[in-house]
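So the chains spell out like this:
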Amino acid sequence: SAGAEVLSVSELQAWYGESHILHGVNFNVKAGEVVTLLGRNGAGKTTTLKSVMGIIGKRTGSIRFNGQDITRASSDRIARQGIAFCPEERGIFASLDVRENLLLPPVVRSGGLSLDQIFELFPNLKERLNSQGTKLSGGEQQMLAIARILRTGARFLMLDEPTEGLAPVIIQQIGHTIARLKSEGFTILLVEQNFRFASTVADRYYIVEHGKVIDGFANSELSANMDKLHTYLGV
Ligand code: ATP
């Protein structure tokens, strides 16, 4: 049902080997929302997404997805629950063409988009179907990275800095894509450095600082929180 809590993270701590990175992260995402994690470089945003996806070795606290405890689940069990992660580095295979890249991630649930549905959302990818990964522009690679996870059947998408390094016109297209996915019922957890972009798509924000969530507010409360954004992000 609309507005139900889909993801609930509480007191999450995480480590890379001996390095203790997350020190108690608390936030939630409700059905149909776009929620954005903001914060400086190295604050722990990517580590938070990786923890939810189950690809960080040691994590404690609680991560619940659709009511199920996934804190210690394997990454493929988490994928089968319907969570997908689009990493900052995009992970496009250079030697594979667009079609092959699209077909690579396994379909883990019913309800995934067909290739035709994907091409309707990303018309340029259809034109580039037989182009190798290396021949794609940064924007095309980012579109492909998002498109690819839509096939899997996941309805909860985690996008890590999708606008990084892209031209303003491409950033705008990514904004339209996110808005469209939201209107189709996807729930999105976004990590962004680009606050201006985030403010065009986000329903709510959380600020991550030194491995903790230190604040959260809705887009409608933005003007009252500009001082905080200035302090924590320099925007
Ligand atoms: P960025 O935008 O730079 O990715 P972030 O908020 O996403 O920022 P994280 O990538 O989560 O930050 O990094 C948090 C901390 O964890 C940083 O201090 C970083 O140096 C450290 N870190 C990240 N990856 C590893 C790793 N594989 N091994 C050890 N430490 C890491």
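Residues numbered from 1 in each chain as written. Predicted model: local features only at pLDDT ≥ 70, side-chain atom pairs only at ≥ 80, totals over all residues. Heavy atoms only, no water.

**Q** Tell me about the nonpolar core, and please be specific about residues and values.
**A** Formed by 35 residues in total, the largest nonpolar core has its most connected members in F122, L157, L159 and I178. Of all the secondary-structure elements, those providing two or more residues to this core are β6 (83–86), α3 (98–103), α4 (115–121), α6 (138–150), β7 (156–160), α7 (168–183), β8 (187–191) and α8 (195–201). Looking at which element gives the most residues to this core, the answer is α6, with seven residues. Once residues lying within four places of it in the same chain are set aside, the contact partners of F122 are M143, I146, A147, L150 and T177. Counting 31 residues, the second largest nonpolar core, distinct from the first, contains L22, V29, F85 and Y206. (Core = buried A, V, L, I, M, F, W, Y, C linked by side-chain atoms within 4.5 Å. Buried < 20%, exposed > 50% of the residue type's maximum accessible area, 1.4 Å probe, protein only. Helix = DSSP H or I, 4+ residues; strand = E, 2+ residues; numbered from the N terminus. Contact = heavy atoms within 4.5 Å.)

**Q** An account of the sheet that holds strand β1 (residues 5–16) is requested, with residue identities and associated values reported.
**A** Ordered in space as β2-β1-β4-β5, the four strands form an open sheet in which the pairing is antiparallel. Strands with a single pairing partner mark the edges of an open sheet, and in this sheet they are β2 (19–30) and β5 (68–69). Both β1 and strand β4 (residues 58–65) contribute to a ladder of seven bridges, which runs antiparallel. Bridging across to β4, A14 finds its partner in R59. Lying on the sheet, helix α1 (residues 45–53) is in contact with β1, β2 and β4; it crosses β1 at an angle near 110°. (Pairing = 2+ DSSP bridges. Axes fitted to C-alpha atoms, helices over the stretch in contact; angles between N-to-C directions.)

Just distances and angles here, no functional claims.
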